[in-house]
Amino acid sequence: MMERKRTDCPALPPGWKKEEVIRKSGLSAGKSDVYYYSPSGKKFRSKPQLSRYLGNTVDLACFDFRTGKMMPGKLQKNKQRFRHDPLSMAKGGKPDLNTALPIRQTASIFKQPVTKVTSHPGNKVKTDLQRAIEQPKQLFWEKRLKGLRSSDVTEQVLRTMDLPKGLQSVGPDASDDTLLSAIASALHMSSAPITGQTSVAAEKNPAIWLNTSQPLCKAFTVTDEHIRVPLFTSLRVITIFILIQTKNQKPDLPQPKHHPF
DNA sequence: GCCACCGGTGGC
DNA sequence: GCCACCGGTGGC
């Protein structure tokens, strides 16, 4: 039997292999089928099947099953509709109770769900539709960014950016270090305006009042003075403020595809 | 019973 | 018309 090669597939986690098999006979002779093999050897013959298996751990939205590559930009046609969207509901779907685990916010390019810890496995979860629709979020996830440093090609650690005047962080164990990362992340991950935490109560009891769609940063206003800051202090500080301003004016700016860290 | 392989078809 | 997806089955 001819040896068919299973090749590594860099778009998938380590250990996954891709195989292409040419049809030898029949009406479809000459066409090919693409299969994937998990590290444990399980065979997959379609994207939906792969998607069901990988769940939240890998985002296959841009994954092209035939070529095995991520195709950024044009999101691959996504027949997988969410069960709470209007189109699916019209077709008689049931609301999604959304028990899927949220994605861990890390610097890794692989998306990992948070770890579920169940102290009483026998307990039934009460359904609360209102709550079930919104995706749970990790509070204070920016703390993970602490201590991350960027370096140049020679692995020389780059000097950290100076913080713009007037920025203050919010929450336990907050530092300038994480504040900068938090703002940079917010700029990259959301197309909404970045305002910081506008609720005063967030400072007293962040666990309850924190706005999870905003970085752990006290509310701030960008002034002309910020932008007129002398050039030598830091070009990048100016860049960050211009980014904030631009974004607040035009929420539709195209966003970078990659996390900054 | 398993699975490699090709057919059939729904959705575009 | 094409093709992604998956059903069905022949050969083991």
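Residues numbered from 1 in each chain as written. Chains lettered and ligands numbered in written order. Predicted model: local features only at pLDDT ≥ 70, side-chain atom pairs only at ≥ 80, totals over all residues. Heavy atoms only, no water.

In this section: the overall build of chain A. Helix and strand counts for chain A come out as eight helices and six strands. Helices and strands in chain A line up, N terminus first, as β-β-β-β-α-β-β-α-α-α-α-α-α-α. Across chain A, contacts joining residues at least 24 apart in sequence account for 51% of those joining residues at least 6 apart. Accessible surface for chain A amounts to roughly 18,500 Å². Of this, 56% is attributable to carbon and sulfur atoms. (Helix = DSSP H or I, 4+ residues; strand = E, 2+ residues; numbered from the N terminus. Contact = heavy atoms within 4.5 Å. Areas by Shrake-Rupley, 256 points an atom, 1.4 Å probe, with all protein chains shown as cover.)

With that settled, the discussion passes to the confidence of the model for chain A. In the predicted model, chain A carries a mean pLDDT of 71, and the fraction of residues at 70 or more is 57%. Below a pLDDT of 50 lies the segment residues 79-98, which in the model reaches 25 contacts outside its immediate sequence neighbourhood of four places, other chains included. In the predicted structure, residues 250-261 sits below a pLDDT of 50 and forms 21 contacts with residues beyond four places in sequence or in another chain. (pLDDT = per-residue confidence, 0-100.)

So, about the protein's contact with DNA strand B. What surrounds DNA strand B is the set Arg 4, Val 21, Arg 23, Lys 24, Ser 25, Gly 26, Leu 27, Ser 28, Asp 33, Tyr 35, Lys 43 and Arg 45. Taking the atoms of DNA strand B that fall within 4 Å of the protein, sugar and phosphate contribute 58% of them. Within the backbone of Ser 25, an N or O atom sits 3.0 Å from a phosphate oxygen of DNA strand B. Taking Lys 43, its side chain carries an N or O atom lying 2.8 Å from a phosphate oxygen of DNA strand B. Each residue belonging to the surface near DNA strand B can be placed in one class, and the counts come to three nonpolar, three polar and six charged. (Near = heavy atom within 4 Å. Polar contact = N/O pair within 3.5 Å; in protein donor to acceptor, adjacent residues only side chain to side chain. Nonpolar A, V, L, I, M, F, W, Y, C, P; charged D, E, K, R; others polar.)

Next up on the list: the sheet that holds strand E2 (residues 17-22). Backbone-to-backbone hydrogen bonds pair the strands of a sheet. The strands run either parallel or antiparallel. Within the open sheet, the four strands sit side by side as E1-E2-E3-E4. Their pairing is antiparallel. Each having just a single partner strand, strand E1 (7-8) and strand E4 (43-44) make up the two edges of the open sheet. For E2 and strand E3 (residues 32-37), the ladder comprises six bridges, and the chain directions are antiparallel. When the bridges of E3 are listed, Glu 20 appears paired with Val 34. (Pairing = 2+ DSSP bridges.)

In the vicinity of DNA strand C, the residues found are Lys 31, Arg 45, Ser 46, Lys 47, Pro 48 and Arg 66. Close to the protein, within 4 Å, the atoms of DNA strand C belong to sugar or phosphate groups at a rate of 57%. Contact distances for DNA strand C include 3.4 Å between a phosphate oxygen and a backbone N or O atom of Lys 47. The separation between a phosphate oxygen of DNA strand C and a polar side-chain atom of Arg 66 is 2.7 Å. Its residues assigned to classes, the surface near DNA strand C shows one nonpolar, one polar and four charged.

For the structure on display, the rule yields five aromatic pairs. Consider the rings of Tyr 36 and Phe 65, whose centres lie 4.7 Å apart with planes at 65°: the pair is edge-to-face. You can see Tyr 36 sitting in strand E3 and its partner Phe 65 sitting in the loop between strand E5 (63-64) and strand E6 (69-70), a full 29 residues away along the chain. Residue Tyr 36 is classed as buried on the basis of its relative accessible area, which comes to 0%. Here the basic side chain of Arg 6 rests over the ring of Tyr 37, its NZ or CZ set 3.4 Å away from the ring centre. The ring of Phe 44 is capped by Lys 42, whose NZ or CZ atom sits 5.2 Å from the centre of that ring. (Phe/Tyr/Trp six-rings, centres within 6.5 Å; stacked < 30°, edge-to-face > 60°. Buried < 20%, exposed > 50% of the residue type's maximum accessible area, 1.4 Å probe, protein only. Lys NZ or Arg CZ within 6 Å of the ring centre and 35° of its normal.)

Along the polypeptide, Thr 67 turns up in the loop between E5 and E6. Under the relative-accessibility criterion, Thr 67 is labelled partly exposed at 38%. For the pair Thr 67 and Val 34, spaced 33 residues apart in sequence, the C-alpha to C-alpha distance is 8.5 Å. Those residues in contact with Thr 67 that lie beyond four places of it in its chain are Lys 18 and Tyr 36. Among the polar contacts listed, one links the side chain of Thr 67 to the side chain of Asp 64, at a separation of 2.7 Å. Within the local environment of Thr 67, its side chain forms a polar contact with the backbone nitrogen of Lys 69, the two atoms lying 3.3 Å apart.

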